[in-house]
Amino acid sequence: MATFISVPLKKSSEVELVKPLSKFITATYPAGEEQGEYIRAVEELNKLRKNALGRPLDKHESSLEIVLRYYDQLCAVEPKFPFSENQLCLTFTWKDAFDKGSLFGGSVKLALASLGYEKTCVLFNAAALASQIAAEQNLDNDEGLKNAAKFYQLASGAFGHIKDTVLTALNREPTMDISPETVGTLKLIMLAQAQEVFFLKATSDRMKDAVIAKLANQAADFYGEACKQCQYKDNLPKYFYFQEVLSVLAAKHTIMQANAELHQSVVSKQKKHFGEEIARLQRSAELVKTVASGYDEYVSVKDLSEKINRALTAAKKDNDFIYHDRVPEVKDLEQIGKAALVKATTITPPLSQKFADLFEKMVPMVVQQSMSIYSQRKAETVNRLVGTMREATNLCNGVLASLNLPAALEDLSGDSIPQSIAEKARAVVQLGGLQSIEQLIRDLPELLTRNREILDESLKMLDDEETTDNELRTKFNQRWNRTPSGDLYKSLRTEGAKYGGVLDQAVQADQVVRDRYTTHCDMIALLCKPENELNAAIPSANPTKTLQGSEVVNVLRSQLAQLDAMKKERETVEEEVKAVTFDMSTSFLTALSQDGAINEEQLSLSKLDQLYGAYNQRVQATLRTQEELLGQVQTSHQEFSSLKQSNTEANQREEVLKKLASAHDSYVEISNNLREGTKFYNDLTEILLKFQNKCSDIVFARKTERDELLKDLQQSIAREPSAPSFNVPAYQSTPAAPAGVPTPAPRTVFQPQQPQAKTQPPARPPPPSVTPQAASTPPVNAPITGPPNSNPPPVAPPTQAQGPPYPSYQGYPGYFQMPGYNPYAYGQYNMPNMPNMPNMPSMPNMPSMPNMPSMPNMPNMPNMPYIPYQQTPGQGGYPAAPPPGQPYHGYPQQPPQQQPYYPQQ
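1. Regarding the overall build of the protein chain
Alright, step 1. When helices and strands are tallied, the protein chain shows 21 helices and two strands.
Alright, step 2. Here the protein chain holds 905 residues, and the buried ones make up 43% of them.
Alright, step 3. When contacts within the protein chain are restricted to residue pairs at least 6 apart in sequence, long-range pairs at least 24 apart make up 82% of them.

2. Points about the nonpolar core
Alright, step 1. Phe81 and Phe124 are the most contacted members of the largest nonpolar core, which has 114 residues in total.
Alright, step 2. Beyond its immediate sequence surroundings of up to four residues, Phe81 is in contact with Leu21, Phe24, Ile25, Leu88, Phe359, Met362 and Met365.
Alright, step 3. Core analysis: the next-biggest nonpolar cluster, separate from the first, contains 45 residues, Ile441, Leu684, Phe691 and Val699 among them.

3. A closer look at a positive patch on the surface
Alright, step 1. Taken together, the side chains of Lys11, Lys95, Lys100 and Lys711 make up a positively charged region of the molecular surface.
Alright, step 2. Here Lys100 is to be found in the loop between strand S1 (92-95) and strand S2 (109-112).
Alright, step 3. Accessibility expressed as a relative area gives 68% for Lys100, which makes it exposed.

4. Description of helix H4 (residues 115-135)
Alright, step 1. The terminal C-alpha atoms of H4 lie 30 Å apart, and with 21 residues this matches the ideal 30 Å at 1.5 Å per residue to within 8%.
Alright, step 2. Across the 21 residues of H4, 20 count as buried, placing the element largely inside the fold.
Alright, step 3. N-cap assignment for H4: the residue whose side-chain oxygen lies 3.3 Å from the backbone N of Gly116 is Ser114.

5. Looking at the pattern of salt bridges
Alright, step 1. Counted under the stated rule, the structure contains 30 salt bridges.
Alright, step 2. Put simply, Glu574 and Lys578 hold a salt bridge, and the shortest N to O gap is 3.1 Å. Pair noted here: Glu574 and Lys578 are both in helix H18 (residues 551-579), with a separation of four residues, about one helical turn.
Alright, step 3. Among the ionic pairs, Glu576 bridges to Arg618, the shortest N-O distance being 3.1 Å. Placement of Glu576 in helix H18 and of Arg618 in helix H20 (residues 600-643) is noted, with a sequence separation of 42 residues between them.
Alright, step 4. Residue classification places Glu576 among the partly exposed residues on the basis of a relative accessible area of 30%.
Alright, step 5. The partly exposed category is assigned to Arg618, whose relative accessible area is 32%.
Alright, step 6. Connected through shared salt-bridge partners, Arg390, Glu574, Lys578 and Glu676 make up one network.

6. Regarding the side chain of Asn319
Alright, step 1. Relative to the helices and strands, Asn319 resides in helix H10 (residues 302-323).
Alright, step 2. With a relative accessible area of 5%, Asn319 lands in the buried category.
Alright, step 3. Here Asp325 takes part through its backbone nitrogen, which lies 2.7 Å from a polar atom of the side chain of Asn319.
Alright, step 4. Asn319 has contacts with Phe274, Ile278, His324, Asp325 and Val327, leaving out every residue within four places of it along the chain.

7. Observations regarding the pairing of S2
Alright, step 1. Across the two faces of S2 the burial is the same, with Lys109 and Ala111 and Leu110 and Leu112 all buried.
Alright, step 2. In terms of strand pairing, S1 meets S2 through four bridges, oriented antiparallel. In the strand pairing of S2, Trp94 is matched with Leu110.

8. Points about unusual backbone geometry
Alright, step 1. Cis geometry marks the peptide bond from Pro349 to Pro350, where omega comes out at 0°.
Alright, step 2. Positioned with a positive phi, Arg206 is a non-glycine residue whose angle comes to about 55°.
Alright, step 3. Positionally, Arg206 belongs in the loop between helix H6 (180-204) and helix H7 (209-232).
Alright, step 4. A residue is classified by how much of its surface remains accessible, and Arg206, at 74% relative accessible area, is exposed.
Alright, step 5. A positive phi angle is found at Lys272, which is not glycine, with a value near 65°.
Alright, step 6. Within the element layout of this structure, Lys272 appears in the loop between helix H8 (240-270) and helix H9 (274-294).

9. A look at the state of the cysteines
Alright, step 1. Taken as a whole and assessed by the stated rule, the structure comprises zero disulfides.
Alright, step 2. In this structure Cys528 is not part of a disulfide, and its nearest cysteine sulfur, from Cys521, lies 9.2 Å away.
Alright, step 3. With relative accessibility at 28%, the residue Cys528 sits in the partly exposed group.

10. Side note on the packing of helix H14 (residues 433-476) against helix H16 (residues 490-527)
Alright, step 1. The geometry of H14 relative to H16 is characterised by a closest axis approach of 11 Å and an angle of 165° between their N-to-C directions. By the angle between their directions, the pair H14 and H16 is classed as roughly antiparallel. The element H14 and its partner H16 pack so that their crossing is left-handed.
Alright, step 2. Partitioning the contact of H14 with H16 into residue classes produces 17 nonpolar, three polar and eight charged.

11. Observations regarding the packing of aromatic side chains
Alright, step 1. One pass over the structure, following the stated rule, counts 10 aromatic pairs.
Alright, step 2. Between Phe98 and Phe124 the ring centres are 6.4 Å apart and the planes differ by 80°, which places this aromatic pair in the edge-to-face class. One end of the pair, Phe98, is in the loop between S1 and S2; the other, Phe124, is in helix H4, and 26 residues separate them in sequence. No difference in accessibility class separates Phe98 from Phe124, as the two residues are buried.
Alright, step 3. In this structure an aromatic cluster arises from ring pairing among Phe24, Phe81, Phe83 and Phe359.
Alright, step 4. Geometry around Phe582 places Lys607 over its ring, the cationic atom sitting 3.8 Å from the centre.

12. Let's talk about the side chain of Lys80
Alright, step 1. You can see Lys80 is positioned in the loop between helix H3 (61-77) and S1.
Alright, step 2. A polar side-chain atom of Lys80 sits 2.8 Å from a polar atom in the side chain of Asp357.
Alright, step 3. A distance of 3.4 Å separates the side chain of Lys80 from the backbone oxygen of Met362, its partner in a polar contact.

13. Some words on the confidence of the model for the protein chain
Alright, step 1. Scored by pLDDT, the protein chain comes out at a mean of 77, with 74% of its residues at no less than 70.
Alright, step 2. Here helix H12 (residues 407-410) is the element of the protein chain with the lowest mean pLDDT, 68, and H4 is the one with the highest, 95.
Alright, step 3. The model gives residues 733-759 a pLDDT under 50, and that stretch makes 68 contacts with residues more than four places away or in other chains.
Alright, step 4. Taken as a whole, residues 871-878 scores under 50 in pLDDT and shows 34 contacts with residues more than four places along the chain or in a different chain.

14. Brief notes about H18
Alright, step 1. The end-to-end C-alpha separation of H18 is 43 Å, in line with the 42 Å expected for 29 residues at 1.5 Å each.
Alright, step 2. Residues of H18 that are buried: Val552, Val553, Leu556, Gln559, Leu560, Leu563, Met566, Lys567, Arg570, Val573, Glu574 and Val577.

15. As for the environment of Leu488
Alright, step 1. Here Leu488 lies in helix H15 (residues 485-488).
Alright, step 2. Judged by its relative accessible area of 6%, Leu488 falls in the buried class.
Alright, step 3. Once the C-alpha coordinates of Leu488 and Ile698 are considered, the two residues, 210 residues apart in sequence, prove to be 9.6 Å apart.
Alright, step 4. With residues up to four places along the chain from it excluded, the contact list for Leu488 reads Glu85, Asn86, Thr483, Ile698 and Arg702.

16. Focus on the environment of Glu569
Alright, step 1. Following the sequence through the fold, Glu569 ends up in helix H18.
Alright, step 2. Since its relative accessible area comes to 36%, Glu569 is described here as partly exposed.
Alright, step 3. For the pair Glu569 and Thr622, spaced 53 residues apart in the sequence, the C-alpha separation amounts to 8.4 Å.
Alright, step 4. The contact partners of Glu569, leaving out residues within four places of it in the chain, are Arg618 and Thr622.

What counts, and where the lines are drawn
Residues numbered from 1 in each chain as written. Predicted model: local features only at pLDDT ≥ 70, side-chain atom pairs only at ≥ 80, totals over all residues. Heavy atoms only, no water. Helix = DSSP H or I, 4+ residues; strand = E, 2+ residues; numbered from the N terminus. Buried < 20%, exposed > 50% of the residue type's maximum accessible area, 1.4 Å probe, protein only. Contact = heavy atoms within 4.5 Å. Core = buried A, V, L, I, M, F, W, Y, C linked by side-chain atoms within 4.5 Å. Patch = residues over 30% accessible without salt bridge, like charges linked within 9 Å, V, L, I, M, F, W, Y side chains within 5 Å. Areas by Shrake-Rupley, 256 points an atom, 1.4 Å probe, with all protein chains shown as cover. Salt bridge = Lys/Arg side-chain N within 4 Å of Asp/Glu carboxyl O. Lys, Arg positive; Asp, Glu negative; His and termini not counted. Charge placed at Lys NZ, Arg CZ, Asp CG, Glu CD. Expected span 1.5 Å × (residues − 1). Polar contact = N/O pair within 3.5 Å; in protein donor to acceptor, adjacent residues only side chain to side chain. Pairing = 2+ DSSP bridges. Disulfide = S-S within 2.5 Å. Axes fitted to C-alpha atoms, helices over the stretch in contact; angles between N-to-C directions. Parallel < 35°, antiparallel > 145°, perpendicular 65-115°, else oblique. Left-handed = near helix turned anticlockwise from the far one by under 90°. Nonpolar A, V, L, I, M, F, W, Y, C, P; charged D, E, K, R; others polar. Phe/Tyr/Trp six-rings, centres within 6.5 Å; stacked < 30°, edge-to-face > 60°. Lys NZ or Arg CZ within 6 Å of the ring centre and 35° of its normal. pLDDT = per-residue confidence, 0-100.

Laid out in structure tokens, this is it:
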């Protein structure tokens, strides 16, 4: 039986998890025990990733448990952190599991800032490891069969889950190993192998042959479908992995059909359909023969073939001698049924048996977002109630100040400071007077400038990164296939524009406060003076002591007392409204668990109405009461004014008292506005710093992604051919010279001509042993030819790999100077009166030469070819030297018309 198919694991690059996640936790959750617990959980998550992906894993269930635990943790942590390109940006890099890369380019990989991509790749590794564990099981016992079936079904389910979710998880084209076509094929392969395991289990348990035949036929159907997937998908055959798998799948498809026919033949025999039994055995034998002839490299069907042949021989013998039943055609045989006992495991986290959520106390991001919106709604409700009460109080104070109340009732003597004015003066001094307001006014521009600088710096980081991204996109065009920075930063720019608008509104509000301060500055300064100076600054008037006991004065005082009581009630309501708290997270979590979604608006408005409905009714009641009292006060004041003696001095005094009362109220309001403005700018600074950190993080993540993409592009460019293809000259396809006899490598392209025949030269002495510096001997059967009229034909290149081309020797076109080569050394072989050569001593860098035989005096050897230069392995030698007077072969006296074949360095 063929070996079972397993899938290789993907490899991932290391990712920094601790810093960005801890930074998010620190910025989101208040300092304390809860924050420290979350940061420790982040460190545990980082360790879990290193254990699951950062080291080789054994093909054991414990290793699979580690990978599944990390996958479960990713599923649990995904809704609790804002993982995205424009928020919490973590870039995960994974290599293609099947692509082995090239010498220059490396393997294909993809880097994405997506936790869904990380989950997909981790689940792929879990499925691949499950297939490897299943393939390692001992199928000779029930436990091994049970585990193999379980792990194959888990792998099939995991691959199927990736097929259904990968495109939505990545939002872009994935690498080929996790593409829907690839994982869909792997899902079928794993399911087929699980079905085969059930077939083996049924065979081992000696179940009924009818059941075994159906199991085998179903396995054959699964294998056939997987084989079709491998054949019909254009992207799969490019992997060497699938090229091997295809043969195994085809073999197993045929083998399972053979097993189905074999066991169905037993069923036919039991039914006494002996001709059908023979037909099925013959069909089974043909199938096995097909496997043995076409796929013997991958499978061994010897045992199965012998079993089928024995059964077929016995069946034929019995039928020939006893039954004489007609053997039907294969096409007339009844179809064998199918029984699918396997099913892809449903991927529903948690998959690990020992999973514990590291961030169990952290609420999901959808709940955090709902809480944030609820907090905004709550703040708006509180501000609306408080603002309504303060606006009504300011209106009341303004009306009373215009009527010079209650100072007019207290100033019946006409020459002393009214008690209300004196109290207002003391209150202004206690609050810091002019110095306090002027210091607050001086601080506002500095706070505004700081916030402007933070916002401008944040937006400048986005602008610079977007400019760089656009330049690279223009340079690389379609190759620069990441999300444009302009699209990615839309939400951040919208947020930045919102902050810019807030600052513009704050500047306008600051100017309104300054203008109001300028209007009342003189009177506020008067209130800050000592009592005697203040009394001297107020004009005197005729006494009106006769009005002190009148009914009109008593009514006015009663009405003013009611207004004071109403103001105090508003202060109490304001404190109570600000003190209301409620944790909506429980309500949001309950809604999320019950409905799977949160209707934040409905839940928030309902709860806010429940919390603040009563306070809103009380505020509206005070508004109605104030309106009635102010009407009564105005009526009573008209009666009081008619009874009061009027003169110029009295009118001047009353006007000054009105301005002093209005200055006090303005001072209090301006002081509150400036303190609120200071707090606003300080709070906005923290918000803008978070915004700046968000921009900095995404810019850094984009820079990291940009560097990875540039590196991948460089590798991709390196894999591309550097020059167009060209036709190889005919002489390079000639058979190579015998081993050990290097031949010269041609350096220029030229037309070979047939050399003229020549007589055999006298015997040469044997050459020394072949070394890198020794001369080579010509082939034994090579004919010896005379000197040619022109360039000799090129000799076939040596069997060793050619070295790099050497630079052309200056002054000789086409001549390549070889390192260590001396062209004048050839003259030593043309020396006259060469004496007998005794035993030659060893030479440097040259092994000892054997005894050379005696040689006669040779005054000249014009027909004796030079010994070709023997050079280092991997580089062809040079052709023999020509006779005197002949041009040197291959070195034309005039510049050649052809260009050198190898490119000049």
